[in-house]
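Close look at the chain arrangement
The lines below spell out each chain.
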Amino acid sequence: MLRHRVIPIVLLDGYSVLKTIKFDVRRNLGNPIVVARVYNSRNVDELILLDIDASKENRGIDLHTVNAVASECFMPLTVGGGIKTCADIARALEAGADKVSLNSVLFEKPAFAKEAVSVFGSQCIVASIDVKKGQVQKYELYSHSGRTINFSLEDALKFLIDSGVGEILLNNADLDGLMSGYDLGLINYVSSLMSIPLIVAGGAASPADCSKAIKAGASAVAAASIFHFTSITPQLCKEEMHKDDIPVRL
Amino acid sequence: MITVINLGTGNIASVSRALKYLKIPHAVSDNPGDVSKSEKLIFPGVGNFFEVAARLKALGLDKLLKDKVLGDKVPILGICLGMQLFAGFGEEGGGTEGLGFIKGRVLRHRASQHGLRLPHIGWNDVRFGDFKVFSSINDNSCFYFVHSYEMITDEPVTSAFSNYGVDFLAAVQKGHILGVQFHPEKSQEPGLKLLKNFCEGRF
């Protein structure tokens, strides 16, 4: 039986690990290689490494960091941040990524997702989308760089799935770093629109939240703050999920 | 020497890293000269069946692999698409011939007929019984999968299964020809053990 994954997210600002609140207030958490080593020793299901400044600063994620992390992690590694071309993807894979997470480029160059899928395969491409509630309490896509995205949430999902991406990573920007629980309504709605795996992020506060997100329709749960700032580990989350009859890898 | 065949797609680096960690000497190459000198081959692959089959032909590796594996009986471990390419036929990308090492077909995973999401991504347990390349690994251990197609064999071969909507082929062996649908190089301890078993001839 396929197990539901619990995936720690490690955010970078170039070279150090940080955590944001609502994508803004920042705290520095040190060396990514040390953080990755801890997760590897804890036997986590998968790891996501994202450089949140790369796109804005028009550079790529530091490949030495990716390489160092990958050399110690025999688990799937997703890498994102500033990836805009097939050459960028090839470099990230060469440095040890198994998958890449695309974000800004998906809507800046709408033909790119399809191109990336045709070159590297669906399994390699994770489409990361950030969602926020707009003025009329309707979910809208949110861009880190402040650019307007001319896609509704529904159109964006359809477009990404039609492009052949392997997974969707759904972030709720309103809940980022708040540890107030996942947005279950959003998860339920988005999962009903998709036939590919859905990873959700933004808001996890307790192991019970992970169970709730899976029951709402997520294939996998991802989180950063809960693992950085509390004593809760991915393993603890999975033990709780197991009690709730959710298949996990213990 | 063990050669990891590099077809320029996907996570060749991951396989090589895992072997390095295990201190197993190996070369990573798409050079027919290196392949023909190898005593064991590892054939990892991700991507599209049709495109990778075409690339094998373009590099002349299809004929060379047939000579080495079927003629000289050089052991080979196919990983993911690498395993799938051992079949005679794959429907992905429009339908084309594989290497034909194992009588079988590679079709869209039947999970979609059961309302399950594809690709099948994540950790799933593998029932392998006394399959030798899994020596010293606990039966029903979890391995990491990522694929949308599955191999269906048309001849009696040693098989291990996993379940996703239906039981599907997770590992296969026909003599010195071995394939795994999952990614041992990404499957932590059990995966590393399997790679070590293959490289050290326990199969």
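This text follows the structure it describes.
Residues numbered from 1 in each chain as written. Chains lettered and ligands numbered in written order. Predicted model: local features only at pLDDT ≥ 70, side-chain atom pairs only at ≥ 80, totals over all residues. Heavy atoms only, no water.

1. Topic: the pattern of salt bridges
Overall, the coordinates contain 24 salt bridges over all chains when judged by the stated rule. Here E57 of chain A makes a salt bridge to R59 of chain A, at a shortest N to O gap of 2.9 Å. Its relative accessible area of 26% is what places R59 of chain A among the partly exposed residues. Here R110 of chain B and E150 of chain B are joined by a salt bridge, their closest N and O atoms 2.6 Å apart. Here R110 of chain B, found in the loop between strand 7 (102-108) and strand 8 (120-125), pairs with E150 of chain B, found in strand 10 (residues 149-153); they are 40 residues apart in sequence, far enough to count as distant. For R110 of chain B, a relative accessible area of 28% corresponds to the partly exposed category. The class for E150 of chain B is buried, based on a relative accessible area of 1%. Three or more residues joined by partner-sharing salt bridges are found here, namely R5, E46, K99 and E167 of chain A. (Salt bridge = Lys/Arg side-chain N within 4 Å of Asp/Glu carboxyl O. Buried < 20%, exposed > 50% of the residue type's maximum accessible area, 1.4 Å probe, protein only. Helix = DSSP H or I, 4+ residues; strand = E, 2+ residues; numbered from the N terminus.)

2. Here we look at the packing of helix 8 (residues 207-215) of chain A against helix 10 (residues 234-243) of chain A
Residues and elements named next belong to chain A. Their axes nearest at 8 Å, the elements helix 8 and helix 10 cross at an angle of 55 degrees. With respect to helix 10, the element helix 8 is oriented oblique. Crossing handedness for the pair helix 8 and helix 10: right-handed. Contact residues: helix 8 offers P207, A208, C210, S211 and I214, while helix 10 offers L236, C237, E240 and M241. Grouping the amino acids of the contact of helix 8 with helix 10 by side-chain chemistry returns seven nonpolar, one polar and one charged. (Axes fitted to C-alpha atoms, helices over the stretch in contact; angles between N-to-C directions. Parallel < 35°, antiparallel > 145°, perpendicular 65-115°, else oblique. Left-handed = near helix turned anticlockwise from the far one by under 90°. Contact = heavy atoms within 4.5 Å. Nonpolar A, V, L, I, M, F, W, Y, C, P; charged D, E, K, R; others polar.)

3. Observations concerning the packing of helix 3 (residues 86-94) of chain A against helix 5 (residues 112-120) of chain A
Residue and element names in this part refer to chain A. Running from amino to carboxyl end, helix 3 crosses helix 5 at an angle of 45 degrees, the nearest separation of the two axes being 10 Å. Comparing their axes, helix 5 and helix 3 come out oblique. Between helix 3 and helix 5 lies a crossing whose hand is right-handed. Judged by residue contacts, C86, I89, A90 and L93 of helix 3 engage F112, E115, A116, V119 and F120 from helix 5. Here the residues of the contact of helix 3 with helix 5 are counted per class, giving eight nonpolar, no polar and one charged.

4. Digging into the interface of chain B and chain A
Taken residue by residue, the interface counts 30 residues in chain B and 38 residues in chain A. Summing the contributions of chain B and of chain A, the shared interface buries around 2700 Å²; its carbon and sulfur component is 52%. Looking at the side of chain B facing chain A, the largest losses of area belong to R17, R117 and W123 of chain B, adding up to 29% of the total buried there. Our enumeration of links across chain B and chain A arrives at two salt bridges. Connecting chain B to chain A are 20 residue pairs in polar contact (both at pLDDT 80 or more). Those elements that provide at least two residues to the side of chain B that touches chain A are helix 1 (12-21), strand 8, strand 9 (142-147), strand 11 (158-164) and helix 6 (188-199) of chain B. Looking at the side of chain B that touches chain A, the element that brings in the most residues is strand 8 of chain B, giving six residues. (Buried area = accessible area lost by both parts, 1.4 Å probe. Polar contact = N/O pair within 3.5 Å; in protein donor to acceptor, adjacent residues only side chain to side chain.)

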